Amino acid sequence: MYRTLLALFSSLAAPVAAGDFVLSWPIDCTLGETCHIQQYVDRDPGPGAQDFTCNDLSYDGHKGTDIALPYLSDMHRGVRVRAAADGVVAGTRDGMADQYASKEDAPELKGVECGNGVLLRHANGWETQYCHMKKGSLRVKKGDKVTAGTTLGQVGLSGQTQFPHLHLSVRKDGEVIDPFLPVSNATCGATDAPMLWKQPVAYSAAGFIGAGFSTDVPDYAEVKSGAATAAHGAVTAQAPALVFWIYAFGGREGDIVSLMIEGPNGAVIDQKVNLKKDQAQFFRAAGKRLRAPSWPAGLYTGIARLMRDGKEIDRIIRPVRF
């Protein structure tokens, strides 16, 4: 995945000094390629939401960092969750189903919104909590001692969630701590405060999760499951239509999504779509119907750009040849 990461804050804010509490990356994924951060800790004390950069990649009252997998199929393949620091297992929960939460489920999920998970206690009053893990995947039990990197289980879809991800909460003496800006009284946008991460973690305000070609506009469920991605290579020269679709996160009202298909004989489509509302995740598609016995043989390249306030936030490119 081609990814333009807005790494300003991660490059200016260094990890905390040696000897302090630090966090290792808690998932077997590569940020910006096989996972992304969907939401950060809400630093707005009022009814609004604001992440540590003063952007709105959070929601009111959110108390953790949500590291999301691209597709449900990634969850099914299995992605390990690892302890972010040395500690002792203070509690676990397993056995909850992996499923998209709904309004009908709300009464059953009250009090167990975290789903399957693990709570670790560390030295000096620190805690980390790992939520929404896969049913039956937990590999630790209460009382176990773990070190940073120990496998705790796998990323899942349990509890109150709409996408496969790990919700990581960090607390100090019971107080929620934002690992990207751990100084509780620091204002958002501060670039001189150290992070808790052992290695710098890049920030992206929005971006593409995936993209691909299909013979018609896929259902959103197919996109989220990964089925639309799996069908990318099945497009042939006799396809009744050539459709290029994108899946993205962090959309804001006023953002522009540019969708292009360049073929062997020039542009096939060139469309721009304006987002009419904020959307945590979204997908868009554009295409053209076949008007001849077959599409000209050669390379077709789908190019999508996410624009905000006249600037390119991210770009993704997908080729197909027939």
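In this text the structure is predicted, and so the values were computed from the model without any measurement.

Here is what the cut-offs are and how they apply
Residues numbered from 1 in each chain as written. Predicted model: local features only at pLDDT ≥ 70, side-chain atom pairs only at ≥ 80, totals over all residues. Heavy atoms only, no water. Disulfide = S-S within 2.5 Å. Helix = DSSP H or I, 4+ residues; strand = E, 2+ residues; numbered from the N terminus. Buried < 20%, exposed > 50% of the residue type's maximum accessible area, 1.4 Å probe, protein only. Contact = heavy atoms within 4.5 Å. Salt bridge = Lys/Arg side-chain N within 4 Å of Asp/Glu carboxyl O. Core = buried A, V, L, I, M, F, W, Y, C linked by side-chain atoms within 4.5 Å. Pairing = 2+ DSSP bridges. Phe/Tyr/Trp six-rings, centres within 6.5 Å; stacked < 30°, edge-to-face > 60°. Axes fitted to C-alpha atoms, helices over the stretch in contact; angles between N-to-C directions.

Peer 1: Give me the lowdown on the state of the cysteines, citing residues and values where you can.
Peer 2: Defined simply, a disulfide is a covalent bond joining two cysteines at their sulfur atoms. What the rule picks out here adds up to three disulfides. Between the sulfur atoms of Cys114 and its disulfide mate Cys131 the distance is 2.1 Å. Torsion about the S-S bond of the Cys114 and Cys131 cystine: about -100°, corresponding to left-handed handedness. With a gap of 17 residues between them, Cys114 in the loop between helix 3 (106-109) and strand 5 (116-121) and Cys131 in strand 6 (residues 126-133) connect regions that are remote in the sequence. Owing to a relative accessible area of 13%, Cys114 belongs among the buried residues under this scheme. Its relative accessible area of 3% is what places Cys131 among the buried residues. Cysteine pairing in the chain follows 1-2, 3-6, 4-5, where each cysteine in a disulfide is numbered by its order in the sequence.

Peer 1: Requested: an account of the environment of Gly149, with residues and values cited.
Peer 2: Tracing the backbone shows Gly149 in the loop between strand 7 (145-146) and strand 8 (151-154). Separated by 126 residues in the primary sequence, Gly149 and Leu23 place their C-alpha atoms 10.0 Å from one another. In contact with Gly149, other than residues within four places in its own chain, are Arg82 and Ala83.

Peer 1: Kindly report on the pattern of salt bridges, identifying the contributing residues and their values.
Peer 2: Considering all chains together, one arrives at eleven salt bridges under this definition. When the shortest N-O distance is used, the salt bridge between Asp74 and Arg77 registers 2.4 Å. Within this pair, Asp74 and its partner Arg77 are both found in helix 2 (residues 72-77), separated by three residues, close to a single helical turn. On the accessibility criterion, Arg77 (62% relative accessible area) is exposed. The salt bridge involving Arg171 is made with Glu127; its shortest N-O contact spans 3.1 Å. Of this pair, Arg171 sits in strand 9 (residues 165-172) while Glu127 sits in strand 6; the two residues are 44 residues apart in sequence, bridging distant segments of the chain. Here the salt bridges do not stand alone but share partners, grouping Arg121, Glu127 and Arg171 into one network.

Peer 1: Give me the nonpolar core: which residues, what numbers.
Peer 2: One finds Val118, Leu120, Tyr130, Leu152, Val170 and Phe180 to be the most contacted residues of the largest nonpolar core, which totals 53 residues. Broken down by secondary-structure element, the contributors of at least two residues to this core are helix 2, strand 5, strand 6, strand 9 and strand 12 (241-251). The residues touching Phe180, leaving out its near neighbours within four places in the chain, are Ile37, Tyr40, Phe52, Thr65, Met195, Trp197 and Val201. Core analysis: the second largest hydrophobic core is formed by 27 residues, Ala237, Ala248, Val257 and Val320 among them.

Peer 1: Before we move on, could you go through the pairing of strand 9 and cite the residues and values that matter?
Peer 2: Counting buried positions over the eight residues of strand 9 gives seven, a clear majority of the element. Pairing geometry for strand 2 (residues 65-68) and strand 9, over four bridges, is antiparallel. Looking at strand 9, one finds that Asp66 is bridged to His167. For strand 6 and strand 9, the ladder comprises six bridges, and the chain directions are antiparallel.

Peer 1: Explain the packing of aromatic side chains to me, using residue names and the numbers behind them.
Peer 2: Under the defined criterion, the tally for this structure stands at 13 aromatic pairs. Ring geometry for Phe21 against Trp126: centres 4.4 Å apart, planes inclined by 15°, an arrangement best described as stacked. Remark: Trp126 occurs in strand 6 and Phe21 occurs in the loop between helix 1 (8-12) and strand 1 (36-39); sequence separation between them is 105 residues. Across the pair, Trp126 and Phe21 agree in class, each one buried.

Peer 1: Describe the sheet that holds strand 17 (residues 311-321), listing the residues and the values that go with them.
Peer 2: The strands that make up a sheet are held in pairs by hydrogen bonds between backbone atoms, and each pair lies either parallel or antiparallel. In spatial order, the strands read 14-13-16-17; together these four strands make up an open sheet with antiparallel pairing. Each edge of the sheet is formed by a strand with only one pairing partner; in this case those strands are strand 14 (266-274) and strand 17. Strand after strand, the sheet turns through a mean of 10° between neighbouring axes, direction not considered. One ladder, built from seven bridges, connects strand 13 (residues 256-263) with strand 16 (residues 299-308); its direction is antiparallel. Opposite Leu259, over in strand 16, you have Ala304 as the bridge partner.

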